[in-house]
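Chain and residue survey
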Amino acid sequence: MTALLEVEGLTTEFPGARGALPIVDGNDLRVDRGEVLALVGESGCGKSMTALSLMRLVPKPGRIVAGRVRLEGRDLLELPVTEMRRVRGRRIAMIFQEPMTSLNPVVPVGDQIIEAIRLHESTSRREARERCRELFVEVGIPAPEERLDAYPHQLSGGLKQRVMIAMALSTRPDLLIADEPTTALDVTIQAQIIRLLRDIQRDRGMSILLITHDLGIVNELSDRVAVMYAGRIVETGSRKQIFREPVHPYTRGLLRSNPTLAQPGERLPEIAGVVPSPEEWGKGCRFATRCADHFDLCDQEVPELREIAGDRRAACHAIDGGPAGGGRS
C-alpha cells in the first residue's frame, strides 16, 4: 500500500523539575492510504500527545523538538503556521477525546460545522448548511434539520459524538485522527459509533489513526496496530499478528488482561505495577520494572524498535533471549 502519512523520530518535550521530558520520544509511524492504524496503550503513555503533535497543536509549554511528519512527502513540521492551518481540517481532521467539552456551548452545532466548511471552501452559507444537513444524515443524527439549530447541551453524549464526527468529515479529509472516540459513552452507543466509523471508512476510502486503550475496538476496526508504552512505540504489526502472536511482553500483558478478549468466567491476570511517570524513566527499558522477562541489559539501555520479519517490529532485548552471558535480574 502507498503511505499517506510517514512519521520519523517524532519527539515532543515538556519542561520538568530536572529538565526537558520527552513525552513522545523518537517515534516512527506510518499510515497507509485507506487503512486504519490503531495506536494502543494505557492512559498516560503519550497517545493523545502524539496525535496533537501530528496536528501541531501541542499545548504550551510543550514543544516538538525533533522528527519529520510527512503527508504525501510534505513535511508538516516545516510548514508556515498559516499553511498548517489549511492542512488541519482540509487534509487531516481530528475527533477529540471529549465531545462534551470540544463543542462551543453557546453556538448551535450546525453553525459550528458551517463555519468549518466555509473556512476551507468558497461556498455560501446556504450551501454549507445543506452540506451540514447531509452530513447529519450520513452520521445517523435523527431529525437533522432540527438538530442543526440545537445547542450542545440539548444533545445526548452519543449525538454530540456524531456531531463531532460530522464536523471532522465536513471538509472531506484524507486522514481522520480519532482520539478515544467512545470515551464516556455507554456500551450500546459505543457499538453504534464503532459501526459508524467502520462504515464511513469503507464508503469514503479514508485513512484513520485510531487512538484507544480498548483492544475490543482495535480488534473490530483496525488493519494494523502500534503499541505504545511510556512515550515510545514498542511493537507494530498487522492486527492478526498482534492479537495472535504478540512479541513484546507489554503487548502480551495487555492482551491477557483485556476483558473483551477473555473467556466467560476467566480470571484476568493483571500487569504488575503502574506506568512510570516521565520523571521516573530510567536510562533503560521503561517496561523493565513490570516485566518478568527482563535482563540486566534492560536496566541499562533503551531497546530500539527493529524489524523482526517483514512489516513486524518490536523493541525488546529479550526477543533474542537476552545478551550473551547476561543473567536475569
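Notes on the structure in this doc start here. (Residues numbered from 1 in each chain as written. Predicted model: local features only at pLDDT ≥ 70, side-chain atom pairs only at ≥ 80, totals over all residues. Heavy atoms only, no water.)

Okay, the packing of helix α4 (residues 109-120) against helix α7 (residues 157-169) next. It is the contact of α4 with α7, at a shortest axis distance of 9 Å, that shows an interaxial angle of 15°. Here α4 is positioned roughly parallel relative to α7, judged by the angle of their axes. For the pair α4 and α7, the crossing hand works out as right-handed. Between α4 and α7, the residues in contact are Val109, Gln112 and Ile113 and Val163, Ala166 and Met167, respectively. (Axes fitted to C-alpha atoms, helices over the stretch in contact; angles between N-to-C directions. Helix = DSSP H or I, 4+ residues; strand = E, 2+ residues; numbered from the N terminus. Parallel < 35°, antiparallel > 145°, perpendicular 65-115°, else oblique. Left-handed = near helix turned anticlockwise from the far one by under 90°. Contact = heavy atoms within 4.5 Å.)

What follows covers the sheet that holds strand β9 (residues 224-229). Spatially, the eight strands line up as an open sheet ordered β6-β7-β8-β3-β9-β10-β12-β11, and their pairing is mixed. Of all strands in the sheet, those with a lone pairing partner are β6 (92-95) and β11 (306-309), marking the two edges. When the angles between neighbouring strand axes are averaged without regard to direction, this sheet yields 20°. Pairing geometry for strand β3 (residues 36-40) and β9, over four bridges, is parallel. Paired with valine 40 across the bridge in β9 is valine 227. Packed onto the sheet, helix α1 (residues 47-54) meets β3, β6, β7 (175-179), β8 (207-212) and β9 and runs at close to 145° relative to β8. (Pairing = 2+ DSSP bridges.)

In this section: α7. Given a rise of 1.5 Å per residue, 13 residues ought to cover 18 Å, and the 19 Å separating the end C-alpha atoms of α7 matches this to within 8%. Most of α7 is tucked away, with 11 of its 13 residues classed as buried. Within α7, burial applies to Gly158, Leu159, Lys160, Gln161, Arg162, Val163, Met164, Ile165, Ala166, Ala168 and Leu169. (Expected span 1.5 Å × (residues − 1). Buried < 20%, exposed > 50% of the residue type's maximum accessible area, 1.4 Å probe, protein only.)

Turning to the packing of aromatic side chains, a few remarks are in order. Scanning the entire structure with this criterion turns up three aromatic pairs. Arranged with centres 5.1 Å apart and planes meeting at 85°, the rings of tyrosine 229 and phenylalanine 287 form a pair that is edge-to-face. With tyrosine 229 in strand β9 and phenylalanine 287 in the loop between α11 (249-256) and β11, this pair connects stretches of sequence that are 58 residues apart. Neither residue differs from the other here; tyrosine 229 and phenylalanine 287 are each classed as buried. In this arrangement the basic side chain of arginine 286 is found over the ring face of tryptophan 281, its NZ or CZ atom lying 4.0 Å from the centre. (Phe/Tyr/Trp six-rings, centres within 6.5 Å; stacked < 30°, edge-to-face > 60°. Lys NZ or Arg CZ within 6 Å of the ring centre and 35° of its normal.)

Before going further, it helps to examine the nonpolar core. Of all hydrophobic cores here, the largest spans 60 residues; its most connected members are Phe136 and Ile165. Examining the composition of this core, we find that seven residues originate from one element, α7, more than from any other. Setting aside residues no more than four positions away along its own chain, phenylalanine 136 makes contact with Val109, Ile113, Ile141, Pro144, Arg147, Leu148, Val163 and Ala166. Grouped together as the second largest cluster of nonpolar side chains are 36 residues, Cys45, Leu79, Met84 and Ala226 included. (Core = buried A, V, L, I, M, F, W, Y, C linked by side-chain atoms within 4.5 Å.)

With omega at 10°, the peptide bond leading from lysine 60 into proline 61 counts as cis. Relative to the assigned elements, proline 61 resides in the loop between α1 and β4 (63-71). In the Ramachandran plot, arginine 56 falls in the positive-phi region, its phi being about 55° despite a non-glycine side chain. By secondary structure assignment, the location of arginine 56 is in the loop between α1 and β4. The exposure class assigned to arginine 56 is partly exposed, which follows from its relative accessible area of 23%. The residue glutamate 180 is not glycine, and still its phi comes out positive at about 45°.

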